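Tertiary structure, described
Below are the chains, spelled out letter by letter.
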Amino acid sequence: MSADSLTRREFVGTATGVAAGAVLAVTPARGIEAPAVHIRPAGRNAAVASGNGLRAVGKVGELLAQGVDTLDAAVEGVKIQELDPEDTSVGYGGLPNEEGVVQLDASCMHGPSRRAGAVACLEGIKTPSVVAQYVLLYTNHILLVGEGAKRFALSYGFKEEDLLTEKSRQAWLRWRANRGTADDWLPVADTEQMVARPTGTINCNVVNAKGEVSSVTTTSGLAWKIPGRVGDSPIIGAGQYTDPDVGAAGSTGRGESNIKVCGGFLTVEFMRRGMKPTDACLETLKRVVAMTEQRLLDERGRPTFSLNFYAINKNGEFGSASLFPGRDGPPTYAAFDGQTAALHDCAVLYDRRA
Ligand code: GLY
């Protein structure tokens, strides 16, 4: 267990795994007892996000200080990446599917209202996180996909735009030309050589001083995916999850591997049982490995893909874990601790790749 694990002394009633400083309260939820550890509210604002979310958590910090709602703040934060043409993993400028079409996925949850919203395979709209929030706010549904999701967005005045930038179109053309020798596209020079297919994404999880929690994840998904492919980001309980009594968690990386363990939900459940955020993320990664098919494991049984989790509890403690370090050390995640927005090192499950 890492340094931020709970010590024995911090536990009371080990049979129930309830953390000291936490108040055991079995919530009578409409006659059904929910075995919830009620963690004390943070007393300060905090946020955690993937490494591309430094500006996002900075924005969240500013907005929470003005009393803005946690989900509104989270969406405003990730919108910065969605609208940034240089971030090829999210929104405008995101890498397209194998046919050169950008298809976006996003989901969100709002702790205070216990509501969720999501969109998948959304084309032509730069800010899928906002459309997901509109599904949450204005419909009786949770997930809208494809053409229906686009028509829903257009009905609210979202503008349909070409989401390919020159940079992302050129990357796609190079990939198409170089993907194999058995087709009719002639190879071209490619200095970037995308060895691993990018699965970048932004996840942002927020808690305010009152202990209100929200989460959002948005992505252009796996680059060069089969059209119609939906990753983990728009799946409630995988790409992100909020439990108003516990905290929130989300993910970036290979979505298919996260979906199989419902990683956002599982990470929150580990925190419910008393784990600190970093340990909860590591525990979820162990479950991912246990659920990985042979073809995606190396000879030592380690995954050949990347996956990261980010978590925050209602008390404002946050953490993140990744399967592996990067070439230059541990991957980083972004966090706002009530004072400062900064990058931190992720914990890693394995100290090196194969
Ligand atoms: N985690 C992003 C995706 O797999 O689509």
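What counts and what doesn't
Residues numbered from 1 in each chain as written. Predicted model: local features only at pLDDT ≥ 70, side-chain atom pairs only at ≥ 80, totals over all residues. Heavy atoms only, no water. Helix = DSSP H or I, 4+ residues; strand = E, 2+ residues; numbered from the N terminus. Contact = heavy atoms within 4.5 Å. Areas by Shrake-Rupley, 256 points an atom, 1.4 Å probe, with all protein chains shown as cover. Salt bridge = Lys/Arg side-chain N within 4 Å of Asp/Glu carboxyl O. Buried < 20%, exposed > 50% of the residue type's maximum accessible area, 1.4 Å probe, protein only. Pairing = 2+ DSSP bridges. Core = buried A, V, L, I, M, F, W, Y, C linked by side-chain atoms within 4.5 Å. Near = heavy atom within 4 Å. Polar contact = N/O pair within 3.5 Å; in protein donor to acceptor, adjacent residues only side chain to side chain. Axes fitted to C-alpha atoms, helices over the stretch in contact; angles between N-to-C directions. Expected span 1.5 Å × (residues − 1).

Counting its regular elements, the protein chain contains eight helices and 19 strands. Of the contacts formed within the protein chain by residues at least 6 apart in sequence, a portion of 65% connects residues at least 24 apart. Of the roughly 15,700 Å² of accessible surface on the protein chain, 52% is carried by carbon and sulfur atoms.

What follows concerns the pattern of salt bridges. Applying the stated rule across the entire model yields 17 salt bridges. Between Asp 243 and Arg 272 there is a salt bridge; the shortest N-O distance is 2.3 Å. Taken together, the residues span a long stretch of sequence, with Asp 243 in strand S13 (residues 240-243) and Arg 272 in helix H7 (residues 263-272) at a distance of 29 residues. Asp 243 sits in the buried class, given a relative accessible area of 9%. What you see here is one network of salt bridges that share partners, running through Asp 243, Glu 269 and Arg 272.

Among the structural elements, Gly 316 can be located in the loop between strand S15 (307-313) and strand S16 (318-322). When its relative accessible area of 0% is taken as the criterion, Gly 316 is described as buried. It is 9.6 Å that separates the C-alpha atoms of Gly 316 and Val 213, two residues lying 103 residues apart in sequence. Ignoring sequence-local partners within four residues, the contact set of Gly 316 consists of Ala 42, Arg 44, Ala 46 and Val 207.

Further remarks concern the pairing of strand S18 (residues 341-345). With five bridges connecting them, strand S17 (residues 332-336) and S18 associate as antiparallel partners. Considered in S18, the bridge of Thr 332 is made with Asp 345. The turn joining S17 and S18, which pair antiparallel and follow one another in sequence, is formed by four residues; a positive phi near 105 degrees is taken by Gly 338.

The next thing to look at is the nonpolar core. Counting residues in hydrophobic clusters, the biggest one holds 34 residues, and the most contacted among them are Val 57, Val 60, Val 119, Val 131, Cys 204, Val 206 and Val 216. The residues contacting Val 57, other than those within four sequence positions of it, are Ala 47, Val 48, Ala 49, Cys 204, Ala 334, Ala 335, Phe 336 and Ala 341. Judged by nonpolar contacts, the second largest core, of 27 residues, contains Ala 249, Leu 285, Leu 296 and Ala 321.

Here we come to the site of the ligand. Surveying the vicinity of the ligand reveals the residues Thr 199, Thr 201, Gly 221, Leu 222, Arg 229, Gly 231, Asp 232, Ser 233, Gly 253 and Gly 255. Contacts to the ligand include Gly 255, whose backbone N or O atom sits 2.9 Å from an oxygen atom. For the ligand, the accessible surface in isolation is 200 Å², of which the surrounding protein chains cover 100%.

Once that is clear, we can look at the sheet that holds S15. Reading across from one edge, S13-S14-S15-S16-S19 is the order of the five strands in this open sheet, with mixed pairing throughout. If you trace the sheet from one side to the other, it starts and ends with S13 and strand S19 (347-348), each paired once. In the sheet, S15 pairs with S16 via five bridges, with the strands oriented antiparallel. Counterpart to Phe 309 in the pairing with S16 is Ala 321. Set on the sheet, helix H8 (residues 277-290) makes contact with S15, S16 and S19; between it and S16 the angle comes to about 25 degrees.

This part covers helix H2 (residues 70-82). For an α-helix the count is 3.6 residues per turn, leaving residues at separations of three or four pointing the same way. An ideal rise of 1.5 Å per residue puts 18 Å on 13 residues; H2 measures up with 18 Å between its terminal C-alpha atoms. All buried positions along H2 are accounted for by Thr 70, Leu 71, Ala 73, Ala 74, Val 75, Gly 77, Val 78, Gln 81 and Glu 82. Contacts made by the buried residues of H2 are with helix H1 (54-65), strand S8 (104-110), helix H3 (128-138), strand S11 (202-207) and strand S12 (213-219). The N-cap of H2, judged by a side-chain oxygen 2.9 Å from the amide nitrogen of Leu 71 a few residues on, is Asp 69.

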